[in-house]
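# Understanding the architecture of this molecule
Take a look at the letters that make up each chain.
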Amino acid sequence: MHPLFTLAGRKDPHPIYKRLRAEEPISQVIEPYRKVPFWLLTRYTDCSEMLRDPRFGKDFTKWPPEERARLRVSGEFDVLGKHMLSADPPDHTRLRSLVAKAFTPQIVEGLRGRISTIAENLVSAALARDASGMDLVSQFSYPLPVTVIAELLGVPSADQDDFRRWTTTLFTPADTEEQLAHLRATGFEFFQYFMALIERRRAEPRDDLVSGLVAAEEGGDRLSTQELVGMLFLLLVAGHETTVNLITNGMLALMDHPEERERLVADPSLLESAVEEMLRYCGPVETTTYRFALEDVEIGGVTIRKNELVLASLLSADHDESRFPNAARFDVGRKPNKHIAFGYGIHFCLGAPLARLEAVIAVETLLRRLPRMKLAVPREDLEPSSMLLLLHAKKRLPVQF
Ligand code: HEM
């Protein structure tokens, strides 16, 4: 098995990426679960070049059917899979423009007060439950973004336990028939949930994003029902699973670097740059999702043949020494910091302004309310949340106050 997929590699992929960047920056890897071969890009220049190259596509309906059968997971999730992250222009442009207005920095800024209230309440609830400590993931990092995105969409945040269960299944490798059946059933549960919600908003529209999208769907040619379900699925999953891990990884980085933590506490004007550094240093999205070559493409001296799959390692690119001086150093004041933790090119993260604001508020609230917070278990005991390459995340983060 490729070392990146081992437990040691999932816990700390950096030594592996460092070697790959030096010796084999574009290498062929086989995904061990579905035995899918892909090209892994690890250098900043190659990753950013590939991500903005229109000769790499994301619309797998253009991929040969026999190849699609091998990427079984996308097949199981076909009912949810018609969204902007699996579309090429012009569909991508149309789908993204339908929601882009809801996620601009100006609109998102209007959520500041509400996000702060949620963060304060979560800390108060944790303290009331146990004044000595908590699991930061389940009691703070997860409920914060899931509540925000659920409120924005107009999805009842009381259903968040279901979202957690469904998305955990999504990020669990499935290779046995039993696991695949579970994955299929979960996809269907998600689908039914959204269909029921759409029908409720169709009958009784509200002032929320789901109602707005239902109106666009009723407009006919702008959004099909399948695209509407895909959009809700993508926004809900992308809107929380990633931010959870930015908050968690970021707080862990501060606990690992007490001098940087003190520097930040002494100078809160560094909060924004500290969050940018968390994105670069321990960004939660380790690799992009798959793209495939629409024709033969030469990149970094390697020829990627038509239909071959590629993944860009954003975490590796953001640790590329040729791009970031002292790349292995966590520096809350780093400037410039042109990381690609939110991706690059036309699929650049739509939710970046929201994720940034949530993280700034989360970090500020935690440092102020729980100033002595420290890790409650040995560092090496922290388990990765997923064995897939996509997420760089911890399952739990037990802390003492
Ligand atoms: C796309 C990262 C939070 C919505 C992406 C991509 C990355 C990313 C790397 C591109 C994936 C690829 O090219 O294969 C992150 C990180 C986040 C975060 C690191 C938090 C720290 C959010 C939030 C939302 C969101 C809060 C809420 C709406 C999206 C959407 C796309 C996307 C809709 C697809 C954009 C497109 O295809 O044009 N994100 N994301 N993300 N993200 Fe985020």
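First, a word on what this report is: a plain description of the structure on this page. (Residues numbered from 1 in each chain as written. Predicted model: local features only at pLDDT ≥ 70, side-chain atom pairs only at ≥ 80, totals over all residues. Heavy atoms only, no water.)

## Topic: the coordination of the iron atom of the ligand
Rules: Coordinating donors are taken as N, O and S atoms within 2.8 Å of the metal, stretched to 3.2 Å for Na, K and Ca; because water is absent from the atoms, sites can appear incomplete. Only DSSP runs of H or I covering at least 4 residues are called helices, and only runs of E covering at least 2 are called strands; the numbering of each starts at the N terminus.
Of all protein atoms, just one serves as a donor to the iron atom of the ligand, and that atom is Cys349 (SG), at 2.3 Å. With respect to the helices and strands, Cys349 occurs in the loop between helix H18 (314-317) and helix H19 (352-369).

## Considerations on the pattern of salt bridges
Note the following rule: Salt bridges are counted wherever a side-chain nitrogen of Lys or Arg sits within 4 Å of a carboxyl oxygen of Asp or Glu.
Across all of its chains, the model carries 27 salt bridges by this definition. Between Asp331 and Arg329 there is a salt bridge, with its nearest N and O atoms 3.8 Å apart. One continuous salt-bridge network, built from bridges that share partners, spans Glu120, Glu364, Arg368 and Arg369.

## Side note on the site of the ligand
Cut-off, in case you're wondering: Any residue with a heavy atom lying within 4 Å of a molecule or strand is counted as near it. Counting of polar contacts relies on pairs of N or O atoms within 3.5 Å, with two restrictions inside protein: one atom must be capable of donating a hydrogen and the other of accepting it, and residues adjacent in sequence are counted only when both atoms are side-chain atoms. Classification used: nonpolar for Ala, Val, Leu, Ile, Met, Phe, Trp, Tyr, Cys and Pro, charged for Asp, Glu, Lys and Arg, polar for all others including Gly.
Of all residues adjacent to the ligand, which total 27 residues, the nearest are His92, Thr289, Arg291, His347 and Cys349. In this structure, an oxygen atom belonging to the ligand sits 2.6 Å away from a side-chain N or O atom of Arg291. A distance of 2.6 Å separates an oxygen atom of the ligand from a polar side-chain atom of His347. Where the shell around the ligand is concerned, the elements lending two or more residues are helix H6 (91-100), helix H14 (225-238) and helix H15 (241-256). Of the residues assigned to the shell around the ligand, the class counts are 16 nonpolar, nine polar and two charged.

## Focus on helix H17 (residues 271-282)
Basically, it comes down to this: One less than the number of residues in a helix, times 1.5 Å, gives the span that helix is expected to have. Partly exposed describes any residue whose relative accessible area lies between the buried limit of under 20% and the exposed limit of over 50%, with all areas from a 1.4 Å probe on protein chains only and scaled to the type maximum. The criterion used for residue contact is that any of the two residues' heavy atoms lie within 4.5 Å.
The end-to-end C-alpha distance of H17, which contains twelve residues, comes to 16 Å, matching closely the 16 Å that a straight helix rising 1.5 Å per residue would cover. Where H17 is concerned, the buried positions are Leu271, Ser273, Ala274, Val275, Glu276, Glu277, Met278, Leu279, Arg280, Tyr281 and Cys282. Looking at the buried positions of H17, the neighbouring elements they touch are helix H2 (14-23), H15, helix H16 (258-266), H18 and H19.

## Quick look at the sheet that holds strand E9 (residues 374-375)
The strands making up a sheet associate through hydrogen bonds between their backbones, and the pairing can be parallel or antiparallel. Here is the rule we go by: By the convention used here, strands pair only if DSSP detects at least 2 bridges between them.
Ordered in space as E4-E10-E9, the three strands form an open sheet in which the pairing is antiparallel. The two strands at the open ends of the sheet, each matched to only one other strand, are strand E4 (133-135) and E9. As judged from the two bridges shared by E9 and strand E10 (residues 398-400), these two strands associate in the antiparallel manner. Residue pairing for E10: Lys374 is matched across the bridge by Gln400.

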